[in-house]
Amino acid sequence: MDSAAADTGTTLPPLHRLPTTPAQPPHPTTLPDGTPAWLITRYHDVRQVLGDPRVTRADLHDVGTAGATADVAANPASLFNQDGPAHRRLRGTAQRAFTPRAIAGWQPWVAAAVQQSVDRLVAAGPTADLVPAFARPVPFAVTTRLMGLDGDGPDHLDEERLRRWTRALLAQGEDQGGEPAGGQDGAQDGGQQPGTDPDHDATLAEFGSFMGELVARRRREPGDDLVSRLVRAADQDGGVPEESLVFLVAGLTASGNESVAGALANALVYVLGERPEHWPRLADPDTAERTAERLLHYIPLGDDEATIRRTTAPVEVGDVTIPAGSVVAVSLGSANRDPAVYPEGLDADLGLPLPAPTLAFSSGPHYCIGAWRVRLEMRESLHRLATALPGLRLTTPVADLAWQLGGTTRSPARLPVDW
């Protein structure tokens, strides 16, 4: 494919500067593992394909990548790897837990969690590393509160244990492990890079056991947390395999936490590193909301360019007919930079609204169920941090940043700042 692969031996560009295939009509390509595929890059083509029931995700968890695939993406029990009735059943269960009323009720304490992290950062005084001091504590606080894991007893989850489990769940294989790329500073979390844990299988089993017991406890003693909502919805709906329910809870806990941390850190890299004049403007909440949407739109979470699907019947995309049984590589990054839809590009005014809905969270049946959370935490974080620290600045050039590698996301290992 026409994309840049991560190289742990050289300095890597920030994710917002990764090249993407130009938007063009569907055409044949070859995936990293040698699989022939059709590459879809134009915005309207991508939206069409992602919403077409003749284009499926099922039974593709081992297609498209060279080397090991993260368990979160490879496990057949994952919501991402299901289609048809099984997917609709599990997806419907999840959506019943994410009601508009529930989300509205969560917003005040998400804002409070962000403000507490801002206050701790300011109280500690000038100079800080925003990764351990802000980008990770914010989603961890939200995750544990949302899932009911912030109390005492058997449900309590500390940050180091979640980090260890997340590294195992998101590990892409040993070829992605090792030291962080770019710069001289290694990851400062005290742990190994994803993909290098010699007890990987045992760690995953430990995580699965914890989540299985958590689901069972919530069934016996429900609360007002998201896990209880999911268990209640699954039991009321019926037909949801316990393995799929447990994996859904595990994914929302680990992947949701890591995705927000990575998105927030990568957004700070761009704004502080390349658009510092825009930073004080984020004290305005409306500007912060529009900026958050633009950053989520233009900055991918990882280096992978495409999401993989297969056609179950001939599908006409534009003026091209893709045969039945074809593998389709759908490039969300290319679609989000399609000049016919987004002519202003990344470097336009960050305070402007997007001219069309972003595809950063996919589209159709596999639209990200956690999109509301990423948007909310990004908006609150940018707004509250800029309000408290309008003079925040990076003290390390973006080109010298070290990158945390080995998982399904890539983000800075350290983000040194002053104010």
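Only a predicted model underlies this, so the values are computations on that prediction, with no experimental measurement involved.

Asks: In this structure, what is going on with the environment of G302? I would like to understand it.
Replies: Following the sequence through the fold, G302 ends up in the loop between α11 (285–298) and β5 (306–311). As a C-alpha pair, G302 and T409 span 107 residues in sequence and 4.4 Å in three-dimensional space. When residues no more than four places from it in sequence are discounted, the contact partners of G302 are L15, L18, T408, T409 and R410.

Asks: Is there a simple way to think about the pattern of salt bridges in this case?
Replies: Opposite charge on two side chains lets them pair, provided their charged atoms get close. Considering all chains together, one arrives at 24 salt bridges under this definition. With a closest N to O distance of 3.6 Å, D129 and R414 form a salt bridge. Of this pair, D129 sits in strand β4 (residues 128–129) while R414 sits in the loop between β11 (411–412) and β12 (416–418); the two residues are 285 residues apart in sequence, bridging distant segments of the chain. A relative accessible area of 13% means that D129 is categorised as buried. Look at R414 and you get partly exposed, because its relative accessible area is 22%. Measuring nitrogen to oxygen at the nearest pair gives 3.2 Å for the salt bridge that ties R136 to E258. Of this pair, R136 sits in the loop between α5 (130–135) and α6 (137–147) while E258 sits in helix α10 (residues 242–274), and the two are 122 residues apart along the sequence. Counted as one network, the salt bridges with shared partners bring together D155, R217, R218 and D225.

Asks: Explanation requested: the sheet that holds strand β8 (residues 327–331) in the structure shown.
Replies: Spatially, the five strands line up as an open sheet ordered β1-β2-β8-β5-β3, and their pairing is mixed. On the outer flanks of this sheet lie β1 (27–30) and β3 (55–56), each paired with one strand and no other. With two bridges joining them, β3 and β5 adopt antiparallel strand pairing. The residue bridging T56 from the neighbouring strand is R310, located in β5.

Asks: How do you make sense of unusual backbone geometry when you look at a structure like this?
Replies: Glycine aside, the phi torsion of most residues is negative, and most peptide linkages are trans. Even without glycine at this site, T127 takes up a positive phi of about 70 degrees. Among the structural elements, T127 can be located in the loop between α4 (100–123) and β4. Phi is positive for S362, which is not a glycine, with a value near 70 degrees. Residue classification places S362 among the buried residues on the basis of a relative accessible area of 10%.

Asks: Honestly, the confidence of the model for the chain in this entry has me stumped. Any pointers?
Replies: Interpretation of this model should avoid reading the predicted coordinates in detail wherever pLDDT is low. Considering every residue of the chain, the mean pLDDT works out to 86; 85% of them sit at 70 or more. This stretch, residues 173–195, has a pLDDT under 50; its non-local contacts, to residues over four places away or in other chains, come to 65 contacts.

Asks: Can you walk me through the environment of I103 in this structure?
Replies: Looking at the element boundaries, I103 is found in helix α4. For the pair I103 and R373, spaced 270 residues apart in sequence, the C-alpha separation works out to 8.6 Å. Residues contacting I103, with those up to four places away along its chain left out, are F98 and W372.

Asks: I'm lost on the sheet that holds β12 in this one. Help?
Replies: Picture the strands of a sheet paired through backbone hydrogen bonds; they go either parallel or antiparallel. Spatially, β4-β12-β9 is the arrangement adopted by the three strands of the open sheet, whose pairing is antiparallel. In this open sheet, the two strands that pair with only one neighbour each are β4 and β9 (393–394). Across two bridges, the pairing between β4 and β12 is antiparallel. Note that in β12 the partner of A128 across the bridge is V417.

Asks: What exactly am I supposed to notice about the packing of aromatic side chains here?
Replies: In this structure the tally under the stated criterion is seven aromatic pairs. Judged by centre distance (5.1 Å) and plane angle (45 degrees), the rings of W165 and F210 are tilted. Here W165 is found in helix α7 (residues 159–170), whereas its partner F210 is found in helix α8 (residues 200–220), with 45 residues between them in sequence. The class for F210 is buried, based on a relative accessible area of 7%. Centre to centre, the rings of F361 and Y367 are 6.4 Å apart; their planes meet at 65 degrees, and the pair counts as edge-to-face. Taking the relative accessible area as the measure of exposure, F361 reaches 10% and is therefore buried. With relative accessibility at 27%, the residue Y367 sits in the partly exposed group.

Asks: Before we go on, may I ask you to explain α7 in this structure?
Replies: Two residues of an α-helix separated by three or four positions point the same way, owing to the 3.6 residues in each turn. The terminal C-alpha atoms of α7 lie 16 Å apart, and with twelve residues this matches the ideal 16 Å at 1.5 Å per residue to within 8%. Every buried residue of α7 is accounted for by L162, R163, W165, T166, R167, A168, L169 and L170. Where α7 starts, the residue carrying a side-chain oxygen 3.2 Å from the main-chain nitrogen of E160 turns out to be D158.

Asks: Explain the pairing of strand β2 (residues 36–40) here, please?
Replies: On any regular strand, side chains alternate: one points to one face of the sheet, the next to the other face. Two strands pair when backbone bridges link them, and β1 and β2 are joined in this way by four bridges, in the antiparallel orientation. Considered in β2, the bridge of T29 is made with A37. In this structure, the hairpin formed by β1 and β2 is closed by a connection of five residues, where G34 is found at a positive phi of approximately 95 degrees. Of the pairings in the sheet, the one linking β2 to β8 comprises three bridges and is parallel in character. Within the sheet, the bridge partner assigned to W38 lies in β8 and is V328.

Asks: For this particular structure, what's the right way to read the nonpolar core?
Replies: One broad rule of soluble globular proteins: the nonpolar side chains tend to lie buried together. Ranked by internal contacts, the top residues of the largest apolar core, which has 64 residues, are L130, L268, W279 and L385. Among the elements that line this core, the one with the most residues is α10, at ten residues. Within the second largest apolar cluster, 43 residues are counted, among which are L146, V215, V227 and A254.

Rules used throughout
- Residues numbered from 1 in each chain as written.
- Predicted model: local features only at pLDDT ≥ 70, side-chain atom pairs only at ≥ 80, totals over all residues.
- Heavy atoms only, no water.
- Helix = DSSP H or I, 4+ residues; strand = E, 2+ residues; numbered from the N terminus.
- Contact = heavy atoms within 4.5 Å.
- Salt bridge = Lys/Arg side-chain N within 4 Å of Asp/Glu carboxyl O.
- Buried < 20%, exposed > 50% of the residue type's maximum accessible area, 1.4 Å probe, protein only.
- Pairing = 2+ DSSP bridges.
- pLDDT = per-residue confidence, 0-100.
- Phe/Tyr/Trp six-rings, centres within 6.5 Å; stacked < 30°, edge-to-face > 60°.
- Expected span 1.5 Å × (residues − 1).
- Polar contact = N/O pair within 3.5 Å; in protein donor to acceptor, adjacent residues only side chain to side chain.
- Core = buried A, V, L, I, M, F, W, Y, C linked by side-chain atoms within 4.5 Å.

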